[in-house]
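Read off the chains here:
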Amino acid sequence: MAAWLSPAAALAAAGAVTVAGSLAFATAAPARAWRAAPRCRERLGVLRPPAMRLLLAALVFLGATIGALDVAAIAVAQRQDASWLAGVLPAAFSAAGLLGGAVFARLQPTTAPQPRHLMWLGAAYAACWLPLLAPLPAQAVLALALLPGALFVPLLTVASLTVTRLAPPGTSTEAVGWMASAIRLGLAGGTALAGPLGGHFAVPLTAAAGCALLLCTRTAPKPAPAAAATATPV
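Keep in mind that this is a model prediction, so the values were computed, not measured.

> Would you mind going over empty space enclosed by the protein in detail, with residue names and values included?
Considering all chains together, one arrives at one cavity of 30 Å³ or more under this definition. Put simply, the largest cavity is a space of about 30 Å³. Every residue lining the largest cavity is listed: L55, A58, L59, L62, L118, L155, A159, C211 and L215. Broken down by secondary-structure element, the contributors of at least two residues to the lining of the largest cavity are α3 (50–79), α6 (138–166) and α8 (202–219). Sorting elements by how many residues they give to the lining of the largest cavity places α3 first, with four residues.

> How would you sum up the packing of aromatic side chains? Please name residues and give values.
Inspection of the entire model under this criterion finds five aromatic pairs. Look at Y125 and W129: their rings are 6.0 Å apart centre to centre, the planes differ by 90°, and that puts the pair in the edge-to-face class. When its relative accessible area of 0% is taken as the criterion, W129 is described as buried. Aromatic rings pair up to connect F93, Y125, W129, F152 and F201 into one cluster.

> Tell me what's going on with the nonpolar core, and back it up with residues and numbers.
Proteins that are soluble and globular tend to have nonpolar side chains buried together. Within the largest apolar cluster, 46 residues are counted, with the highest numbers of intra-cluster contacts made by M52, L59, L89, Y125, W129 and F201. Breaking this core down by element, the ones donating at least two residues are α3, α4 (85–107), α5 (115–127), α6, α7 (172–194) and α8. No other element matches the twelve residues that α3 contributes to this core. Setting aside chain neighbours within four positions, we find W129 in contact with T65, L69, F93, P148, F201, P204, L205 and A208.

> Which residues make up the packing of α3 against α4, and what are the values?
In the contact formed by α3 and α4, the axes pass within 7 Å of each other and the chain directions differ by 145°. For the pair α3 and α4, the crossing hand works out as right-handed. Contacts between α3 and α4 involve I66, L69, D70, A73, I74, V76 and A77 on the former and, on the latter, L85, A86, L89, P90 and F93. Partitioned by chemical class, the residues of the contact of α3 with α4 number eleven nonpolar, no polar and one charged.

> For the layout of surface pockets, give the residues involved together with the corresponding values.
Of the pockets and cavities examined, the largest pocket occupies roughly 450 Å³. I66, L69, D70, P90, A91, F93, S94, G97, L98, G149, F152 and V153 together form the lining of the largest pocket. Elements supplying a minimum of two residues to the lining of the largest pocket: α3, α4 and α6. In terms of residues, the lining of the largest pocket owes the most to one element, α4, which gives six residues.

> Describe the packing of α3 against α7, naming the residues involved and giving the relevant values.
At a minimum axis separation of 6 Å, α3 and α7 run at an interaxial angle of 40°. In terms of orientation, α3 lies oblique with respect to α7. Relative to α7, the crossing made by α3 is right-handed. Where α3 abuts α7, its residues M52, L56, L59, V60, G63, A64, I66, G67, A68 and V71 lie against A175, W178, M179, A182, I183, L185, G186, L187, G190, T191 and A194.

> Could you give me a rundown of the state of the cysteines, with the residues and numbers involved?
Per the counting criterion, the structure on display carries zero disulfides. In this structure C216 is a free cysteine whose sulfur lies 9.4 Å from that of C211, the closest cysteine sulfur available.

> How would you explain the environment of A134 if you had to name every residue and give the values?
Examined against the element boundaries, A134 turns out to sit in the loop between α5 and α6. Note: C-alpha distance between A134 and F201 (67 residues apart in sequence) is 9.2 Å.

> Lay out α6 in plain terms, naming residues and giving numbers.
With 29 residues, α6 should cover 42 Å at 1.5 Å per step; its first-to-last C-alpha distance of 42 Å lies within 8% of that length. Taking the largest bend as the criterion, α6 deviates by roughly 25°, centred on F152, and proline P154 comes between one and four positions later.

Conventions adopted
- Residues numbered from 1 in each chain as written.
- Predicted model: local features only at pLDDT ≥ 70, side-chain atom pairs only at ≥ 80, totals over all residues.
- Heavy atoms only, no water.
- 1 Å grid on protein atoms, 1.4 Å probe; cavity = no way out; pocket = protein on both sides within 12 Å on 5 of 7 lines; lining within 4 Å.
- Points joined across faces, edges and corners; volume = space filled by probe spheres on them.
- Helix = DSSP H or I, 4+ residues; strand = E, 2+ residues; numbered from the N terminus.
- Phe/Tyr/Trp six-rings, centres within 6.5 Å; stacked < 30°, edge-to-face > 60°.
- Buried < 20%, exposed > 50% of the residue type's maximum accessible area, 1.4 Å probe, protein only.
- Core = buried A, V, L, I, M, F, W, Y, C linked by side-chain atoms within 4.5 Å.
- Contact = heavy atoms within 4.5 Å.
- Axes fitted to C-alpha atoms, helices over the stretch in contact; angles between N-to-C directions.
- Left-handed = near helix turned anticlockwise from the far one by under 90°.
- Nonpolar A, V, L, I, M, F, W, Y, C, P; charged D, E, K, R; others polar.
- Parallel < 35°, antiparallel > 145°, perpendicular 65-115°, else oblique.
- Disulfide = S-S within 2.5 Å.
- Expected span 1.5 Å × (residues − 1).
- Bend = angle between axes of the 7 residues up to and from the residue.

All quantities given are derived from atomic positions and should not be read as evidence of function.
Put into structure tokens, the structure is as follows:
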């Protein structure tokens, strides 16, 4: 919309959609029926579980991929002399995420997400950035950006469900706040790093790899405790 109409029209449309979406969410039956659970005040609060801290760190890297993508889209558009790509590339990434999220919602298991789901999605998300390192024409870059885009929402969904499951009783709202802050911190960091590095796709790839590594660390099985020695009667 910024390219076809005006930046002001795009900003107004984004604001209108945000307000409409917020109202739809706030007035939905699950949101109106939700009630806060009692909680015990602790020094670390929602950050008390070690797995929570690792997962939030992984979400910082996940957010960095999006921040770096916006800069990479502008850099590719300049190199390819295709100004349309600067706006279309992030839009296509988001549209693929919407479609991937809808498909995942229909196919996701009925049980709570397991650690292995985060590990698999994180590894696949990082791998999908690899083809974008090759020097490709604008149309190929646009097509390949759909791959990580389609996995972003499923990965974020499983991470969100895991965050709320790890949160101690009565801290779900705080947990969601930490999750949103972690993603936005990563988004800002990815944007800041991608600029000086020329908007190369190596930046979102590195961030996605860091996210996958932390998810694998969080899901790594703990060593089994040593078996207790049995006393031999004399």
